[in-house]
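In case you want the letters, here they are:
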Amino acid sequence: IDLKKDPRFQVILGDTTNDVILAMNNSKKPYSDKRVRLAITEAINKEEVLKGAMFGLGRILGSNVDPLNPYFVDMSKAVPYDPAKAKKLLAEAGYPNGFEAVLRVSPQYYYTVRTGEVLVSQLAKVGVKVKIEQIEWPQWLSQVYKNASYDLTIIGHAEPWDIANYANPNYYFRWDNKDFQALYKESEQTVDDKKRREQYARLQKMMADEAPVVWLYM
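Bear in mind the structure is a predicted one, so any value in this text is a computation, not a measurement.

### Section: the packing of helix α2 (residues 34-42) against helix α8 (residues 193-210)
Then comes step 1: Running from amino to carboxyl end, α2 crosses α8 at an angle of 90°, the nearest separation of the two axes being 8 Å. Classified by the angle their axes make, α2 and α8 are roughly perpendicular. Facing Lys34, Arg37 and Leu38 of α2, the residues of α8 in contact are Ala208, Asp209 and Glu210.
Then comes step 2: The residue makeup of the contact of α2 with α8, split by class, is two nonpolar, no polar and four charged.

This is the structure in structure tokens:
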């Protein structure tokens, strides 16, 4: 920010493929309930998260297909910030008073801690009481990534074309959606670019509707 004000420098801002997400363990209650996952998404003010964690430098996301992908569809406003709706959904899912959760992050990537701190206060407003647990990176890899022993976690996914992770029920999100898997498999076999583009648009809409994770910012 200070560099922008310094006339000696020309600051160029670019996009990356590093998508920061709040992952939920879809194999565990209450995150196995789509209403809870959508409620958590609606309870988060992504603009505020971006300001608090990254000084506003970045771009709000709505799926894991990022703006540098040729099949990108902007889903950032598909599930808007709506804490009142989030509370209603939590009540419908059987959690009128919210619930408690542990957010595991690794301070080696400090943006995960900063992001977590903003999320804790936002989720508290809808009754989701989150405790941050900082663990070392090797522990994160073995506990969260390998064994899916967690409730919530935050990490940046830098690999492009990582939509395949959502079609893998053994990936650490543990999201197992047969319709998504079938459509993804179909898209991998499609050679016609127009048809593949349409399939990717459908995949991105499905991701936003099902909310297996919360896509925060790039």
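### Remarks on the packing of helix α7 (residues 178-189) against α8
Then comes step 1: Running from N to C, α7 and α8 cross one another at 160°; their axes reach a closest spacing of 10 Å. With respect to α8, the element α7 is oriented roughly antiparallel. Seen from above, α7 lies across α8 with left-handed handedness. Facing Asp179, Phe180, Leu183, Tyr184, Glu186, Ser187 and Glu188 of α7, the residues of α8 in contact are Lys195, Arg196, Gln199, Tyr200, Arg202, Leu203, Met206 and Met207.
Then comes step 2: Taken together, the residues of the contact of α7 with α8 break down into seven nonpolar, two polar and six charged.

### Points about the sheet that holds strand β4 (residues 152-157)
Backbone hydrogen bonds are what pair the strands of a sheet, in a parallel or an antiparallel way.
Then comes step 1: The five strands lie next to each other as β3-β2-β4-β1-β5, forming an open sheet whose pairing is mixed. This sheet does not close on itself; its edge strands, each paired only once, are β3 (128-134) and β5 (213-217). On average, each strand axis in the sheet is tilted by 30° relative to the strand beside it, whichever way the strands run.
Then comes step 2: Here seven bridges tie strand β2 (residues 99-105) to β3, and the two strands are oriented parallel to one another. In the sheet register, Leu103 faces β3, and the bridge partner there is Ile132.
Then comes step 3: Seen against the sheet, helix α5 (residues 110-124) touches β1 (19-24), β2, β3, β4 and β5 and runs at an angle of roughly 160° to β3.
Then comes step 4: Along the sheet, helix α6 (residues 137-146) makes contact with β2 and β4, crossing β4 at roughly 110°.

### Observations regarding the side chain of Thr112
Then comes step 1: Position of Thr112 among the secondary structure elements: in helix α5.
Then comes step 2: Of the polar contacts made by the side chain of Thr112, one reaches the backbone oxygen of Ser106; its length is 3.2 Å.
Then comes step 3: With residues up to four places along the chain from it excluded, the contact list for Thr112 reads Val105, Ser106, Ile154 and Ile155.

### Observations regarding the packing of aromatic side chains
Aromatic ring pairs are reported here in terms of the distance separating the ring centres and the angle at which the planes meet.
Then comes step 1: Following the criterion strictly, the structure yields 17 aromatic pairs and no others.
Then comes step 2: Measuring from ring centre to ring centre gives 5.9 Å for Tyr31 and Phe99, while their planes differ by 80°; the resulting arrangement is edge-to-face. Placement of Tyr31 in the loop between β1 and α2 and of Phe99 in strand β2 is noted, with a sequence separation of 68 residues between them.
Then comes step 3: Judged by relative accessible area, which is 8%, Phe99 ranks as buried.
Then comes step 4: Arranged with centres 5.9 Å apart and planes meeting at 50°, the rings of Tyr166 and Trp215 form a pair that is tilted. Note that Tyr166 is positioned in the loop between β4 and α7 and Trp215 in strand β5, a separation of 49 residues in sequence.
Then comes step 5: Residue Tyr166 is classed as buried on the basis of its relative accessible area of 1%.

### Let's talk about the pairing of β5
Sheet faces and side chains relate simply in a regular strand, where the side chains alternate between the two faces.
Then comes step 1: By the criterion of burial, β5 is predominantly enclosed, with five of the five residues buried.
Then comes step 2: The pairing of β1 with β5 spans four bridges and is antiparallel. Its bridge partner being in β5, Leu22 is matched across the sheet by Val214.

### A short note on the pattern of salt bridges
Then comes step 1: Considering all chains together, one arrives at 13 salt bridges under this definition.
Then comes step 2: Linking Glu133 and Arg104 is a salt bridge whose minimum nitrogen-to-oxygen distance equals 2.8 Å. Taken together, the residues span a long stretch of sequence, with Glu133 in strand β3 and Arg104 in strand β2 at a distance of 29 residues.
Then comes step 3: We classify Glu133 as partly exposed; its relative accessible area is 23%.

Parameters and conventions
- Residues numbered from 1 in each chain as written.
- Predicted model: local features only at pLDDT ≥ 70, side-chain atom pairs only at ≥ 80, totals over all residues.
- Heavy atoms only, no water.
- Axes fitted to C-alpha atoms, helices over the stretch in contact; angles between N-to-C directions.
- Helix = DSSP H or I, 4+ residues; strand = E, 2+ residues; numbered from the N terminus.
- Parallel < 35°, antiparallel > 145°, perpendicular 65-115°, else oblique.
- Contact = heavy atoms within 4.5 Å.
- Nonpolar A, V, L, I, M, F, W, Y, C, P; charged D, E, K, R; others polar.
- Left-handed = near helix turned anticlockwise from the far one by under 90°.
- Pairing = 2+ DSSP bridges.
- Polar contact = N/O pair within 3.5 Å; in protein donor to acceptor, adjacent residues only side chain to side chain.
- Phe/Tyr/Trp six-rings, centres within 6.5 Å; stacked < 30°, edge-to-face > 60°.
- Buried < 20%, exposed > 50% of the residue type's maximum accessible area, 1.4 Å probe, protein only.
- Salt bridge = Lys/Arg side-chain N within 4 Å of Asp/Glu carboxyl O.

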